[in-house]
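Each chain is listed here by its residues.
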Amino acid sequence: MLNHLPILQVVIPLLAAPACMLLDRARLAWLFATAAGLATFAISCLLLYQVQHSGPISYALGGWEAPWGIEYRIDLLSAYVLLVVSGIGALVLVAANTGVSREIPEAKQPLFYVTYLLCLAGLLGIVATGDIFNVFVFLEISSLATYALIAQGKNRRALWAAYQYLIVGTIGATFILIGIGFLYSLTGTLNMVDLAARLPAIAGSHTAYTAFAFIVVGVCLKLALFPLHLWLPNAYTYAPSIVTAFLAATATKVAVYLLIRLQFSVFGEGFAESALPLDAIFLVLGLVGVFVASLVAIQQPNIKRLFAYSSVAQIGYMIVGMGVGTHTGLQATLLHLFNHALMKGALFLALAAVAYRLGSSDIKAFRGLGRAMPLTMAAIVIGGLSLIGVPLTVGFVSKWYLVLATIQAGLWPVAVLILLGSLLAVVYVWRVVEVAYFQQRPAGLAVVKEAPLALLVPTWLLVIGNLYFGVQAGFTADLAGSAAAALIGGAP
Amino acid sequence: MMLVAHYNYWVVIALMMIGFYVVIVQGNLVKKLIGLNIFQTSVFIFYISVGKVAGGSAPIYDPEVTLYSNPLPHVLILTAIVVGIATMALGLALVVRIKEAYGSVEEEELQARDLEAEDAQQKENQC
Amino acid sequence: MMSLSPQLAIVLALALPLVGGAGILLSGRRPNLREGVTLVSALALLAVVATLVPQVLAGERPQVTLFELLPGLEIRFVVEPLGMLFATVAAFLWPVNSLYSIGYMRGNNEQHQTRFYFFFAVAIAAAMGIAFAGNLVTLFVFYEVLTLSTYPLVTHKGSEQAMGAGRTYLGILIATSIGLLLPAIIWTWHLTGSGDFTPGGIIGDSLEGPLLVLLLLMFMFGIGKAAIMPVHRWLPAAMVAPTPVSALLHAVAVVKAGVFSVLKIVVYVFGLDTLRGAPGVELLLYAAGFTVVAASVVALRQDNLKRRLAYSTIGQLSYVVLGAAILAPLSVVGAALHVAVHALGKITLFFAAGAIYTASKKTEISQLDGIGWRMPWTMGAFAIGALSMIGVPPAAGFLSKWYITMGAIQAGEWLALGVIVISTLLNAAYFLPILYQAFFKAEQGGGKDHGEAPLPAVVALCFTALLTLVVFLFPGVPFELASHLGAEAQP
């Protein structure tokens, strides 16, 4: 059994999905889905343990050996991302029953769990697989499930947002497919390790550069890197709140993983530089994304939209870390991958709680909420402080490594810009804080109680995670450091 | 000549551009999906045409045939076609729901209806 | 006297205020119990801190490492003379401020008192963390905690004005700490591989000339709590808070944390020798000197009593920075001593201002004619505090100014000397008229008939005024700690 963990990681949620359809009752479907989610998380923990102790795991699907068969390859980086995705997936499921109860009709909820599990399976598959076409397949599985998840939002704009994302996402995926096609026509293999071995021989050819360009653009569409981010705010705002919590903490992280995997494991570090000044492009686009998104976030009246733009900014930070091009920079990106999942997961779950009680995410609805829903607002405050990068939260850890990486690389202006971006975060976080704590609840509105435990507990688990990993960052920092070292060849 | 010999690539490029153009320029949601489909099809043709081995037959096992075209792209594209169909199905389902919710499938009208709804909301909030 | 291991004492110094804070939250419904918890925690803290003093004076440097925040970055505490001085001041003034707060908050029927006492306790814990910080990261962590825990205190009233003041407060302090202080710390870490505070500094040769001064300026302006112009605007803005908060901000914790950090970084991260002779290091002197004089000039034009005191604070704080910038061991002694002395004097002045408000609801200086006869104890204490600010015997302010002046003469810094002289005259110009009005002008008609402020408030302010006189006569512990610092600054 333990030998088959890599495939079980993906198969369990994949098979659980149609099973949910058979269990037609909402409650049952939820329980079953949560059980599957928890099992998935347990598997990812075991995988991490295995990888840390015995090195990368290679699993041949169906007994067909690589490079002819599809290989699942779990190394430190994959195990790390699997942990994040399955952890968030499971935790959000725990909150899902209550979270969707007011946004999705009960008769349709089993179908919600079906799409959720499909999305989870797809995301996990992208991370676990070692075959590049398999990546495309799982990418499309997760994307299709995502479009369906977003479309389940109450507001009719959710449909439009889902459609837009469908168009943009499919174009991105097709670009990736084109890139894969070029690579295959050059090397004759689809296995990522094999590709890495064969690419240096043909690295100078235009085809290879074109393949790289197509793949990178396609992945950046999925990443929501500025200026390819336009689908994200609508998608996050109009999707059901639980869906936003899940997506914000996982989907873009997996895309970042894919970019890292392609750039470092498949194409090799030197490749990108010889083709385009990719590092410089990432630095510029990342930073512009941070500033533009933060500035737009400051003006948003809808809090979900505000934090959606904040997500675009945070992704910008991750790309800046890659753009620095050093070991510490990559470590910072990987750290922020984990930390941002914690931050945004907590924030959007808290927002789900607010949406549950108030039915709205407009900033006007937040007036006086500090007194009416103290624990929920406290969670939002701590998440906000983490976004700003206050010490003792995970956000500080990410910022430290990111700024350190830029200073080590001598990129002083970038360091300054990163910190200025944090100051913008102060402005938009404080908008929410002021409305919640300084304004009175308007008279005549219904009395609002604190969020139900089913939503509060997962939110606070993530908040405590924020604080714990902000104070004991050794575990994540070392893990990120080792993963980065394995990718970038060691020396910082 | 090189140009004529690589006619498959020209077909691919032509279809790709047509598809892309339709997606971006067309305002009708269904037409956008059709453009998307054309775009995807161009990629399918790309893979298949690249997999053709000169003088090889279709990659279906036959004891008398010695040279086959590469079967792998065919397999990959079968998968991709399925993905494309699923995408179309989902896209069309969304269009049906949009039509029900908005009464139109033209992008401009959707945006106009949304703006109207927003204005009405704001007026309501102010009253 | 129980024997408390120094490591335990350090941990207790941080834990006690936090435990007290929890106790305050729990006893929120019973105000007397709640106030009791505050006072007990405060006195317990003082006792714990007191046990560390003899050891530090004997030359020991107790230390404790709590945990690793990030690989290579530890939360570490080391008690050395300057930190001991700051901790003693804060621990000493907490019970005094609490006593005063009881009188003020009850006398003015303030709302949300539990929240007030709770965040006060957390702020004190943060101040202890800053005082005992053994490296730059620990300092930064507790510095930010201090900013965040004092925000609810500054915006206590919850009004539009309070919210706006809170924005200025938070905005300036966070902008400087994240924008300047944090990169300076990371840069130092990158250069030296550690951020540990070491006598003689750790920068050594790793930075040359202009870059060295750039790093210094990043630190100085990054420490917004030291209120060097132009990052001083938060101080007058924060005056909207109730007076005990102003006392906390100006005397006990916040500004002291600022100048303490400045002094500590100059002595223990850069080292006086490293800085001496670096091209451009006079910029710090100019910035401090300018702040001293400009703040005093602005103070002259303020009619609101608390605002005048706010600008006085800005000027007095830059005395400490000036003392550091002169780069002479004697002036460093004076600077350290000024931390303690200014605390005593300023807290007296703020207590008096609050007492005046509580008793008569008057806030403007022009309204204070003849109030000296209605509130003799309060105004008497005010007079002593004012003398300390001006730097005149028999008030303790004279001592610290003397040492800074001596240091300036020793180092040949004539500009600094000029600044001290001019500012002394300006201080007199804006304090003495208040006393004159209070005692020698007839009261304007139509005012409220009132007597002294509530008893706890009066007791507190008389106590601190008395201390100001006592410290002049018996400089004792503060002076010894300051001298030890001077010795360490010149190893």
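The structure reproduced in this document is the subject of the present report.

Basis of the calculations
Residues numbered from 1 in each chain as written. Chains lettered and ligands numbered in written order. Predicted model: local features only at pLDDT ≥ 70, side-chain atom pairs only at ≥ 80, totals over all residues. Heavy atoms only, no water. Contact = heavy atoms within 4.5 Å. Buried area = accessible area lost by both parts, 1.4 Å probe. Salt bridge = Lys/Arg side-chain N within 4 Å of Asp/Glu carboxyl O. Polar contact = N/O pair within 3.5 Å; in protein donor to acceptor, adjacent residues only side chain to side chain. Helix = DSSP H or I, 4+ residues; strand = E, 2+ residues; numbered from the N terminus. Nonpolar A, V, L, I, M, F, W, Y, C, P; charged D, E, K, R; others polar. Phe/Tyr/Trp six-rings, centres within 6.5 Å; stacked < 30°, edge-to-face > 60°. Buried < 20%, exposed > 50% of the residue type's maximum accessible area, 1.4 Å probe, protein only.

Quick word on the interface of chain A and chain C
And then number 1: Taken together, the 28 residues of chain A in the interface contact 29 residues of chain C.
And then number 2: Of the roughly 2800 Å² buried between chain A and chain C, counting both surfaces, carbon and sulfur atoms make up 81%.
And then number 3: Of all residues in chain A, Trp400, Leu419 and Phe438 of chain A give up the largest surface area on contact with chain C, accounting jointly for 24% of the area buried on that side.
And then number 4: On the surface where chain A and chain C come into contact, there are 1 salt bridge.
And then number 5: The tally of links between chain A and chain C comes to 3 residue pairs in polar contact (both at pLDDT 80 or more).
And then number 6: Those elements that place two or more of their residues in the side of chain A that touches chain C are α16 (374-388), α17 (394-408), α18 (412-438), α19 (453-471) and α20 (474-488) of chain A.
And then number 7: Along the lines of polarity and charge, the residues of the side of chain A that touches chain C split into 21 nonpolar, 5 polar and 2 charged.

Describing the interface of chain B and chain A
How large an interface is tends to be reported as the accessible area lost when its parts come together.
And then number 1: With 38 residues of chain B at the interface, the matching set in chain A holds 28 residues.
And then number 2: Buried surface at the junction of chain B and chain A, summed over both partners, amounts to about 3000 Å²; 78% is from carbon and sulfur atoms.
And then number 3: It is Tyr47, Leu90 and Leu94 of chain B that lose the most area in chain B upon contact with chain A, and together they represent 17% of the buried surface on that side.
And then number 4: Our count for the contact surface shared by chain B and chain A stands at 2 salt bridges.
And then number 5: Between chain B and chain A we count 6 residue pairs in polar contact (both at pLDDT 80 or more) in total.
And then number 6: At the level of elements, α2 (7-25), α3 (29-51), α4 (71-102) and α5 (107-126) of chain B are the ones that each hand at least two residues to the side of chain B that touches chain A.
And then number 7: The biggest single contributor to the side of chain B that touches chain A is α4 of chain B, with 16 residues.
And then number 8: Residue composition of the side of chain B that touches chain A, grouped by class: 27 nonpolar, 5 polar and 6 charged.

Notes on the packing of aromatic side chains
Residue and element names in this part refer to chain A.
And then number 1: For the structure on display, the rule yields 45 aromatic pairs over all chains.
And then number 2: Between Phe175 and Phe214, the ring centres sit 5.4 Å apart and the planes meet at 70°, which makes this aromatic pair edge-to-face. Here Phe214 lies in helix α8 (residues 206-223) and Phe175 lies in helix α6 (residues 157-187), a separation of 39 residues in the sequence.
And then number 3: On the basis of relative accessibility, which here comes to 14%, the residue Phe175 falls in the buried class.
And then number 4: The exposure class of Phe214 is partly exposed, given its relative accessible area of 21%.

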